[in-house]
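# An overview of the molecular structure
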Amino acid sequence: MRGQFGSLRGALGAGLAIILSALATWLMLGPQSTALPWLVAPLGASAVLVFAVPASPLAQPWPVVAGNLISAAIGIGVGMYTGSAMLAPGLAVGLAIAVMTFTRCLHPPGGACALLCALGAAGGEAWTWVYLLPIAANVLTLALVGMIYNNLTGHSWPHRAPPPVNNPALVRSFHTRGDIEEVLAEWDEVLDVDVDDLDAFLREVNLHVARREIGRS
């Protein structure tokens, strides 16, 4: 039942955020509202992350805002410079991933933003920098609604990891945060979970095991 409520919570929040993003963008564009889009498709993917998995490192405010806007700017710039609808999308997506990784704002919908903007700028519609305006309005409104809605419904956003278990009389942890970081470095993989969340999860597991063993004794 709790999982179903969580899914409904995320669905309602995402739907509300998209509606408000369209409204805010339309109001901001004013006379240009018939020439520029009110919504861009990658915003739907961002809404899934922000409202369905708000604890994900990929769904935090900095990745949502910077990842989308940086990628959109890269897409428009590459599209305008190359003028090739065949070449621009691949260059834009690859460059966007590299820049997002370097600036620590990796956000999957950012790749879609880069692709969309590269096609728009290199294609027949010939997008220019003015198209960043509706994208910025979309993204900033989504982030604002996400912050208000998630916190009101019991999900801190930006996400904060649960406090670590600190009860040595009941449970002794066999790892440190450094151990987790070393294992992740050895794996050389990007996991969609924060190190502090992994640490808190492992400590909580140790606590449950200790309680179970005490109950058996």
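Higher on the page you've got the structure.
Here is a short report on the structure shown in this document. Every chain is numbered independently, its residues counted from 1 as its sequence is written. Totals for whole chains, interfaces and linings use every residue, but because this is a predicted model, local features are given only for residues with pLDDT of at least 70 and side-chain atom pairs only at 80 or more, for both listing and counting. Working from all heavy atoms in the structure, the side-chain values ignore hydrogens and water.

## Some details on the overall build of the chain
The test is simple: Each helix is a run of H or I in the DSSP string that is no shorter than four residues. Each strand is a run of E no shorter than two, and both are numbered from the N terminus. Three exposure classes are used, based on accessible area relative to the maximum for each residue type with a 1.4 Å probe and protein chains only: buried under 20%, partly exposed in between, and exposed over 50%. By the convention used here, residues are in contact when the closest approach between their heavy atoms is within 4.5 Å. Note on areas: Shrake-Rupley, 1.4 Å probe, and residue coverage restricted to the protein chains presented here.
Secondary structure assignment for the chain yields 8 helices and 0 strands. For the chain, the sequential pattern of α-helices and β-strands runs α-α-α-α-α-α-α-α. Burial statistics for the chain: of 217 residues in total, 38% are counted as buried. Here the contacts in the chain between residues at least 6 apart in sequence split such that 73% fall between residues at least 24 apart. Summing over all exposed atoms, the chain offers an accessible surface of approximately 12200 Å²; the carbon and sulfur share of this is 68%.

## Describing the nonpolar core
The test is simple: Working definition of a nonpolar core: buried Ala, Val, Leu, Ile, Met, Phe, Trp, Tyr and Cys residues. They are joined through side-chain atoms within 4.5 Å.
The biggest cluster of nonpolar side chains holds 25 residues, and the ones touching the most others in it are Val-50, Phe-51, Val-64, Cys-117, Ile-135, Val-139 and Leu-142. Secondary-structure elements contributing two or more residues to this core are helix 1 (2-29), helix 2 (42-52), helix 3 (61-82), helix 5 (108-122) and helix 6 (132-152). Here the element with the most residues in this core is helix 6; it accounts for 6 residues. Apart from residues lying up to four places away in sequence, Ile-135 is in contact with Val-40, Leu-69, Ala-72, Cys-113 and Cys-117. Membership of the second largest hydrophobic core comes to 8 residues, among which are Val-78, Ala-88, Ala-92 and Ala-114.

## Looking at a nonpolar patch on the surface
The test is simple: What goes into a patch is any residue over 30% in relative accessible area without a salt bridge, connected to like charges within 9 Å or, for nonpolar side chains (Val, Leu, Ile, Met, Phe, Trp, Tyr), within 5 Å. Note on definitions: salt bridges are taken to be side-chain nitrogens of Lys or Arg within 4 Å of carboxyl oxygens of Asp or Glu.
Residues Leu-16, Leu-20, Leu-23, Trp-26, Leu-27, Trp-38 and Leu-39 make up a contiguous nonpolar surface patch of about 640 Å² in total accessible area. Position of Leu-39 among the secondary structure elements: in the loop between helix 1 and helix 2. Relative accessible area serves as the criterion here: at 35%, Leu-39 is assigned to the partly exposed category.

## A look at the packing of aromatic side chains
Short version of the rule: Ring geometry is summarised as follows: Phe, Tyr and Trp rings, the Trp one being its six-membered ring, pair when their centres sit within 6.5 Å, and such pairs are stacked at plane angles under 30 degrees, edge-to-face over 60 and tilted between the two.
Scanning the model with the defined rule gives 3 aromatic pairs in all. Judged by centre distance (4.4 Å) and plane angle (5 degrees), the ring pair of Trp-127 and Tyr-131 falls under stacked. The exposure classification of Trp-127 matches that of Tyr-131, with both residues buried.

## Digging into the state of the cysteines
The following threshold applies: Cysteine sulfur pairs qualify as disulfides if the two atoms are within 2.5 Å.
Taken as a whole and assessed by the stated rule, the structure comprises 0 disulfides. Of the cysteine sulfurs around Cys-113, a residue in no disulfide, the closest is that of Cys-117, at 5.4 Å. Owing to a relative accessible area of 2%, Cys-113 belongs among the buried residues under this scheme.

## Side note on helix 3
Inclusion rule: One less than the number of residues in a helix, times 1.5 Å, gives the span that helix is expected to have.
Taking 1.5 Å of rise per residue, 22 residues should cover 32 Å, and helix 3 covers 31 Å from first to last C-alpha, within 8% of that figure. Just past helix 3, the residue Gly-83 takes up positive phi, approximately 65 degrees.

## With respect to the environment of Thr-153
As a reminder of what qualifies: Polar contact is the term for a pair of N or O atoms within 3.5 Å; when the atoms are in protein, one must be able to donate a hydrogen and the other to accept it, and sequence-neighboring residues count only if both atoms are side-chain atoms.
With respect to the helices and strands, the residue Thr-153 is situated in the loop between helix 6 and helix 7 (177-187). Among the polar contacts listed, one links the side chain of Thr-153 to the side chain of Arg-9, at a separation of 2.9 Å.

Limitation: the analysis is restricted to geometry and does not speak to function.
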